Structure formats: C-alpha cells, structure tokens
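Now for the letters of each chain:
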Amino acid sequence: GDGGVAYEMERGLGVHGVRAVCVQGSDLVMLAAVLQQCRVFIPGDTGPMHLAAAVATPVLAVFGPSMPWRYGPLVESMYASDEEHRIAAEMDRLER
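It should be emphasised that the depicted structure is a prediction, and the values quoted were computed from it without experimental measurement.

## Remarks on helix 3 (residues 47-54)
Right, on to step 1. Among the residues making up helix 3, those that are buried are Met49, Ala52 and Ala53. Projection of helix 3 onto a plane perpendicular to its axis shows the buried side chains occupying an angular sector of 100°, all on one side.
Right, on to step 2. Those residues of helix 3 hidden inside the fold are in contact with helix 2 (28-37) and helix 4 (68-71).
Right, on to step 3. Looking one or two residues past helix 3, Ala56 carries a phi angle of roughly 65°, positive in sign.

See below:
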C-alpha cells in the first residue's frame, strides 16, 4: 500500500517542523476526529477531502485531470473569490 510513502512524507515534513499524521486504516469516525483537529489538510481528490471540508477543516486539495469546480467540496469558502466561481462556471459550461 501507500504506508511507506505516507511514513516518508510524515518523516520528511517533520524535519521542517511540520507535524504530519498518517491515518491510514482509520475508520471514518476516527478520521473525522483527526481531520477536525488539523490546521490544514492537503489531500488528493479523495473522499477524505470531502470529509475534511464537512468538519470545517481548511483543505488544499491536489487535483489531477479531474475538475475541482465539479468534484471539489461544496463549500463556498473553499474558493478564493467570486471571480473564480465565475471562471469555474464558464469552464464547466464550455465542457458540456
């Protein structure tokens, strides 16, 4: 699995004074509790991204080919400005 990668990231970030926590294998209740204590959560485009947003944890999600305005958390504060909302809506319209 990704346990080795997660451990290396946790160790590497710790060198820079950043506290990272690996929650691989946690159930949803435990994951939500951990996410609620985070100052920021930096996930990929995954279910835990939505869970973090649901417990009001700031999220800086990394998206690959998927569209953040379509698949990102449905939380107004996740966007930097109304202009970004307008651009995202226009991009979504153009894709249809």
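## Side note on the layout of surface pockets
Right, on to step 1. Its volume calculated, the largest pocket comes out at about 1200 Å³.
Right, on to step 2. Considering the residues around the largest pocket, the lining is formed by 27 residues, among which Ala20, Val21, Cys22, Phe41 and Ile42 are closest to the centre.
Right, on to step 3. At the level of secondary structure, the elements contributing two or more residues to the lining of the largest pocket comprise helix 1 (3-15) and helix 2.
Right, on to step 4. Sort the elements by how many residues they give to the lining of the largest pocket and helix 1 lands first, with 6 residues.
Right, on to step 5. Taken together, the residues that form the lining of the largest pocket break down as 18 nonpolar, 5 polar and 4 charged.

## Notes on the environment of Ala52
Right, on to step 1. Secondary-structure assignment places Ala52 in helix 3.
Right, on to step 2. Given a relative accessible area of 0%, Ala52 falls into the buried group.
Right, on to step 3. On a C-alpha basis, the gap between Ala52 and Leu35 in space is 5.6 Å, while along the polypeptide they are 17 residues apart.
Right, on to step 4. Excluding anything up to four places from it in sequence, Ala52 contacts Leu35, Phe41, Thr57 and Val59.

## Points about the pattern of salt bridges
Right, on to step 1. For the structure on display, the rule yields 1 salt bridge.
Right, on to step 2. For Glu8, the salt bridge goes to Arg11, with nearest N and O atoms at 2.8 Å. Of this pair, Glu8 and Arg11 both sit in helix 1, 3 residues apart, which is roughly one turn of that helix.

## A word on unusual backbone geometry
Right, on to step 1. Phi at Ala56 takes a positive value of approximately 65°, unusual for a residue other than glycine.
Right, on to step 2. By secondary structure assignment, the location of Ala56 is in the loop between helix 3 and helix 4.
Right, on to step 3. We classify Ala56 as exposed; its relative accessible area is 67%.

Parameters and conventions
- Each chain carries its own residue numbering, running from 1 in the written order of its sequence.
- With pLDDT at 70 or above as the cut-off, local features in this predicted model cover only qualifying residues; side-chain atom pairs require 80 or more to be listed or tallied, and sums for whole chains, interfaces and linings still use all residues.
- Side-chain figures throughout are based on the complete set of non-hydrogen atoms in the structure, without hydrogens or water.
- Classification of residues uses two cut-offs on accessible area relative to the type maximum, computed with a 1.4 Å probe and protein chains only: under 20% is buried, over 50% is exposed, and between them is partly exposed.
- Secondary structure elements follow DSSP: runs of H or I of four or more residues count as helices, runs of E of two or more count as strands, with numbering from the N terminus.
- Read the arc as the range of directions from the helix axis to the C-beta atoms.
- The criterion used for residue contact is that any of the two residues' heavy atoms lie within 4.5 Å.
- Of the grid points, spaced at 1 Å and generated over the protein atoms alone, those admitting a 1.4 Å probe that cannot get out make up cavities, while open sets with protein on both sides within 12 Å along at least five of seven lines make up pockets; any residue with an atom within 4 Å of a point is treated as lining.
- Grid points are joined across faces, edges and corners, and a volume is the space filled by probe spheres set on the points.
- Gly falls in the polar group here, along with every residue not listed as nonpolar (Ala, Val, Leu, Ile, Met, Phe, Trp, Tyr, Cys, Pro) or charged (Asp, Glu, Lys, Arg).
- We define a salt bridge as a contact between a side-chain nitrogen of Lys or Arg and a carboxyl oxygen of Asp or Glu at a distance within 4 Å.

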